[in-house]
Amino acid sequence: MKFVLGTAQLNHKYGINNKTKTNINNSLNIIRYAYKNKIKEIDTAPGYVNSQKIIGKIKKKFLISSKISGLLKIKKNNLETHISKQVHTILNELSSNSLYGVYFHEPEIFKNKSKSLFACRILNKFKKQNLLRKIGVSIYEPKILNNIFKIFKPDIVQFPLNIFDQRIIDEGWLDYFSKNNIETQARSIFLQGLLLMKPKDLPKQFNTWKKNFSNFHLYCKKNKLTPHEVSLNFIRKYKVDKTIIGIENIDQLKMLINYKIKSISNPRYLKIDDLNLIDPRLW
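Colleague: So what exactly am I meant to see when it comes to the overall build of the protein chain here?
Modeller: Looking only at helices and strands, one finds 11 helices and eight strands in the protein chain. Here the C-alpha atoms of the protein chain give a radius of gyration of 19 Å, agreeing with the 19 Å that 2.2 N^0.38 yields for 283 residues. In terms of overall dimensions, the protein chain has a C-alpha envelope of 55 × 40 × 35 Å along the principal axes. Looking at the protein chain as a whole, 52% of its 283 residues qualify as buried. Just so you have it, the protein chain exposes about 13700 Å², and 47% of that area is on carbon and sulfur atoms.

Colleague: How should the sheet that holds strand S5 (residues 132-138) be read in this particular structure?
Modeller: Hydrogen bonds along the backbone pair up the strands of a sheet, which may run parallel or antiparallel. Strand order in this closed barrel of eight strands is S1-S2-S3-S4-S5-S6-S7-S8, and the pairing throughout is parallel. Averaged over all pairs of adjacent strands, the angle between strand axes in this sheet comes to 30 degrees, irrespective of strand direction. When strand S1 (residues 3-6) meets strand S2 (residues 41-43), the two strands line up parallel, connected through two bridges. When the sheet's bridge partners are listed, Leu 5 is paired in S2 with Ile 42.

Colleague: Any chance you could explain the pairing of strand S8 (residues 242-246) here in plain terms?
Modeller: A regular strand places its side chains on the two faces of the sheet in alternate fashion. Burial runs high along S8: four of the five residues are buried. With four bridges joining them, S1 and S8 adopt parallel strand pairing. Of the residues in S8, the one forming a bridge with Gly 6 is Gly 246. Across two bridges, strand S7 (residues 183-187) lies against S8 in parallel orientation.

Colleague: Can you walk me through the packing of aromatic side chains in this structure?
Modeller: Each aromatic ring pair is specified by the distance between its two centres and by the angle formed by the two planes. Enumeration over the complete set of coordinates arrives at 16 aromatic pairs. Seen from their ring centres, Tyr 35 and Phe 62 are 5.1 Å apart, and the 65 degrees between their planes marks the pair as edge-to-face. Taken together, the residues span a long stretch of sequence, with Tyr 35 in helix H1 (residues 24-36) and Phe 62 in the loop between helix H2 (51-56) and strand S3 (63-68) at a distance of 27 residues. The class for Phe 62 is buried, based on a relative accessible area of 11%. An angle of 75 degrees between the planes, with centres 6.5 Å apart, marks the rings of Tyr 176 and Phe 177 as edge-to-face. For Phe 177, a relative accessible area of 1% puts it in the buried group. Three or more aromatic residues joined by ring pairs make a cluster, and in this case those are Phe 149, Phe 159, Trp 173, Tyr 176 and Phe 177. A cation sits over an aromatic face here: Lys 40 above Tyr 35, 4.6 Å from the ring centre. Taking NZ or CZ as reference, Arg 187 lies 4.9 Å from the ring centre of Tyr 140, over its face.

Colleague: It is not clear to me how a positive patch on the surface should be interpreted in this structure. Could you clarify?
Modeller: A cluster of basic residues, Arg 32, Lys 38, Lys 40 and Lys 60, forms a positive patch on the protein surface. Within the element layout of this structure, Lys 38 appears in the loop between H1 and S2. Judged by relative accessible area, which is 74%, Lys 38 ranks as exposed.

Colleague: Whenever I open this one, helix H3 (residues 79-94) confuses me. Can you help?
Modeller: Think of an α-helix as turning once every 3.6 residues; residues three or four places apart then point the same way. In a regular helix each residue adds 1.5 Å, so 16 residues correspond to 22 Å; H3 covers 22 Å between its end C-alpha atoms and thus fits that length. When H3 is considered as a whole, its buried residues turn out to be Leu 79, Ile 83, Gln 86, Val 87, Ile 90, Leu 91 and Leu 94. Along the axis of H3, the buried positions cluster into a sector of 130 degrees, meaning they face one direction only. Exposed side chains of H3 directed beyond 90 degrees from the buried face belong to Thr 81, Lys 85 and Asn 92. Summarising the contacts, the buried residues of H3 are in contact with H2, S3, strand S4 (99-104) and helix H4 (113-128).

Colleague: Help me understand the packing of helix H8 (residues 210-222) against helix H9 (residues 227-236) in this model?
Modeller: Think of two packed helices as two axes; the pair is described by the angle between the axes and how far apart they sit. Across the interface, H8 lies against H9 with an axial gap of 9 Å and an inter-helix angle of 85 degrees. Relative to H9, the element H8 is oriented roughly perpendicular. In this structure, H8 uses Phe 216, His 217, Tyr 219 and Cys 220 to contact H9, whose residues at the interface are Pro 227, Val 230 and Ser 231. Per-class residue counts for the contact of H8 with H9 are five nonpolar, two polar and no charged.

Rules used throughout
Residues numbered from 1 in each chain as written. Predicted model: local features only at pLDDT ≥ 70, side-chain atom pairs only at ≥ 80, totals over all residues. Heavy atoms only, no water. Helix = DSSP H or I, 4+ residues; strand = E, 2+ residues; numbered from the N terminus. Rg over C-alpha atoms; globule rule 2.2 N^0.38 Å. Buried < 20%, exposed > 50% of the residue type's maximum accessible area, 1.4 Å probe, protein only. Areas by Shrake-Rupley, 256 points an atom, 1.4 Å probe, with all protein chains shown as cover. Pairing = 2+ DSSP bridges. Axes fitted to C-alpha atoms, helices over the stretch in contact; angles between N-to-C directions. Phe/Tyr/Trp six-rings, centres within 6.5 Å; stacked < 30°, edge-to-face > 60°. Lys NZ or Arg CZ within 6 Å of the ring centre and 35° of its normal. Patch = residues over 30% accessible without salt bridge, like charges linked within 9 Å, V, L, I, M, F, W, Y side chains within 5 Å. Salt bridge = Lys/Arg side-chain N within 4 Å of Asp/Glu carboxyl O. Lys, Arg positive; Asp, Glu negative; His and termini not counted. Charge placed at Lys NZ, Arg CZ, Asp CG, Glu CD. Expected span 1.5 Å × (residues − 1). Arc of directions from axis to C-beta. Contact = heavy atoms within 4.5 Å. Parallel < 35°, antiparallel > 145°, perpendicular 65-115°, else oblique. Nonpolar A, V, L, I, M, F, W, Y, C, P; charged D, E, K, R; others polar.

Function cannot be read off these values alone, since they describe shape.
So this is what it looks like as structure tokens:
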């Protein structure tokens, strides 16, 4: 399994199960430890509080991807200025001459054909200038992909996938990506840490699904694996090129790197279609 270091937690409390804020020194140590252990790709975004500036302090050759946002509110004739400013700010903060990838962080822009086509042309211009290697989309729900592929074939698609949220599998997109040579990156593999929490420790807002979480932990026990090992082995079953992992400290990173590999079934009975649980935007 090829890991990408997610950086939403660096110097910032992110996710329901995140108990502490990772300070700058610890963040730098996490990045260095990841590099030492052959994790040489990083996923970041301008909205991840100073994460890009922290990454920029590391003098290691990482493949770094970031995101552009705010396009929905920008008028078409201001898009080029807006995108150009974001891309150059990202490069400046990262102290880098180029990016591995740039994602559309608001894929809803593809509901507007004219505007999204123009945005793609702008990014393709940067691609030709070798400021970035790949153009991607980061999605929350697979149904937006129908809009995207009518307009543009991305180089990378980043999507949520976990034992509860199997929409990307059910709708056949993984096979489509594979056949069309599109890089795939799974994120939210622990459902922002919820899958790693004991049912009794879940916030009250998730009481509706307490039985689902209990069944998940019983499945882990039956397979003699920890929740994080089940989550990782579930991803391993599918045609996913890379898996984004977000962590708070080096101990967590060590645990993920050294997880026990085991062939497991897909427990379809654990799958949940309720967006109120599987879409963190609704929490």
